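# Remarks on the overall topology
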Amino acid sequence: MTDRPASQLDRGSFYRFPRCCVAPIGLLFALALAGCDKKAQSQEAAPTPPLVTVAQPVKRTVTDWDEFTGRFEAIQEVQVRARVGGFVNSVEFTDGAIVHACDLLYIIDPRPFEAVASQAQGQLDDARAKAELAKRELDRGLNLVQTSAVSVQVVDQRRQALQAAYAAETQAEGALKAAQLNVEFTHVLAPITGRVSRHLVTPGNLVQGADSGATLLTSIVSLDPIYIYFDVDEATYQRNSRLWFEGKRPSSRDASNPVQVTLTGEIKPSHEGKMDFLDNRLDISTATLRSRAIVPNKDLSILPGQFGRVRIIGSSPYEALLIPDTAIATDQSRKIVFVVKDNTVDVRPVMLGPLDGGLRVIREGLMPEDQVIVDGLQRARVGAKVTPKKAQAPADDKAPAGAKP
């Protein structure tokens, strides 16, 4: 048998290699390639730390304020009533208008009172004439008594007659003044400056005077300035008293401490005033102290009966750290903030104070150098890595640390 070349033998042997052995080798090669590809993809898809915005606490001098609910009341309020009875001739004001002191409001028919005044004037003239006659009679008697033409008794009688005439003259003068006053009272004038209510009596109606139950005609309330009354709880009163004894806060009894007023629907104070009154005792049913402030109302926008939130000084000025209120989270019963140190999130329990200029006072728990997360809290996890981004500086020291200028 002729031997085949070695090359032919090898090629034939390769072709005769079983297919069942070739397939596993290809599969292993494919799996190896797939494993390398997945490793490369996992390296490429590794997530970057989430981006969060951080800022250092703002440090400034603040003053605490206590806030209460109050109600506005007019400084002056007058019920305008008829001082004389009679029929109303006319109404001289517009309902709800601003009136000034001595403005004419009503006219009551003056003719009956003018007639009485004329009668009183006649009685006064008669009394004066009688007094003049009595004086002349006395003068003649004094001359005649020197020549014993009349007795001393006659002179005494004439002197008594003159005194009676003077008394009658005085009574007549009083009656005339009363009649003239009644004539004046037929013109009902505004006693104060303020806003008048609607007219309660129309022309042609009979009104009663002060002698028989005076008829209510309308009412007037003053508007500028205006009072706001509010009740201070006992705990706040005690705390403010301690501050006063320590010399850290002036007493509202002795000083006109400033107040700030926020009206219903407003989010920040719109009016400023000053303390005007503290009651002399606490209400035993509510354990509160009735207090009052006086508030300018130049635009007359505040009406008696409105509600308002009153802020009064509650502490002496002190240095505090402040952060945006949105940077504070709640963990069950405690308040916390998230801080970033070495690109790692940490948590700090804090004790909160009041709001001041849109920022929250932090009494305990933070240091001035802490980097507080002010935006991106939902991406922060304790112990996780983050990419911190500095917040832009606020436009002024009253803006939140995370706010844009």
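To keep things clear, this report deals only with the structure shown in the data block. These numbers come from a predicted model, not from an experiment.

## Let's talk about the sheet that holds strand S6 (residues 98-99)
Strands pair in a sheet through their backbones, by hydrogen bonds, and they do so in one of two ways: parallel or antiparallel. Strand order in the open sheet made by the four strands is S4-S11-S9-S6, with antiparallel pairing throughout. In this open sheet, the two strands that pair with only one neighbour each are strand S4 (77-81) and S6. Strand direction decides the pairing type here: strand S9 (residues 194-196) and strand S11 (residues 216-221), joined by two bridges, are antiparallel. Each residue of the ladder has a partner; that of Val-196, found in S11, is Ile-220.

## Comments concerning the nonpolar core
One finds Leu-105, Tyr-106, Val-207, Leu-217 and Ile-220 to be the most contacted residues of the largest nonpolar core, which totals 27 residues. Contributing elements (two or more residues each) for this core: strand S7 (104-108), helix H3 (111-145), helix H4 (152-185) and S11. With sequence-adjacent residues up to four places away left out, Val-207 is seen in contact with Ala-82, Val-84, Gly-85, Gly-86, Val-88, Ile-108, Val-201, Thr-215 and Leu-217. Ranked by size, the runner-up nonpolar core spans 17 residues in total, among them Phe-68, Phe-230, Val-261 and Val-310.

## A closer look at helix H5 (residues 234-245)
An ideal rise of 1.5 Å per residue puts 16 Å on 12 residues; H5 measures up with 16 Å between its terminal C-alpha atoms. When H5 is considered as a whole, its buried residues turn out to be Thr-236, Asn-240, Ser-241 and Leu-243. Buried residues of H5 fall within an arc of 160° about the axis and therefore sit on the same side. Exposed residues pointing more than 90 degrees away from the buried face of H5 are listed as Ala-235 and Phe-245. Buried positions along H5 lie against strand S3 (65-74), strand S12 (226-233) and strand S16 (307-313). Once H5 ends, the next one or two residues include Gly-247, with phi positive near 80°.

## Examining the sheet that holds strand S10 (residues 206-207)
On the basis of which strands lie adjacent, the open sheet formed by four strands has the order S8-S7-S5-S10 and antiparallel pairing. Each end of this open sheet is capped by a strand with a single partner; those strands are strand S8 (187-189) and S10. With two bridges connecting them, strand S5 (residues 86-91) and S10 associate as antiparallel partners. Bridge pairing links Gly-86 to Val-207 in S10.

Parameters at a glance
Residues numbered from 1 in each chain as written. Predicted model: local features only at pLDDT ≥ 70, side-chain atom pairs only at ≥ 80, totals over all residues. Heavy atoms only, no water. Pairing = 2+ DSSP bridges. Helix = DSSP H or I, 4+ residues; strand = E, 2+ residues; numbered from the N terminus. Core = buried A, V, L, I, M, F, W, Y, C linked by side-chain atoms within 4.5 Å. Buried < 20%, exposed > 50% of the residue type's maximum accessible area, 1.4 Å probe, protein only. Contact = heavy atoms within 4.5 Å. Expected span 1.5 Å × (residues − 1). Arc of directions from axis to C-beta.

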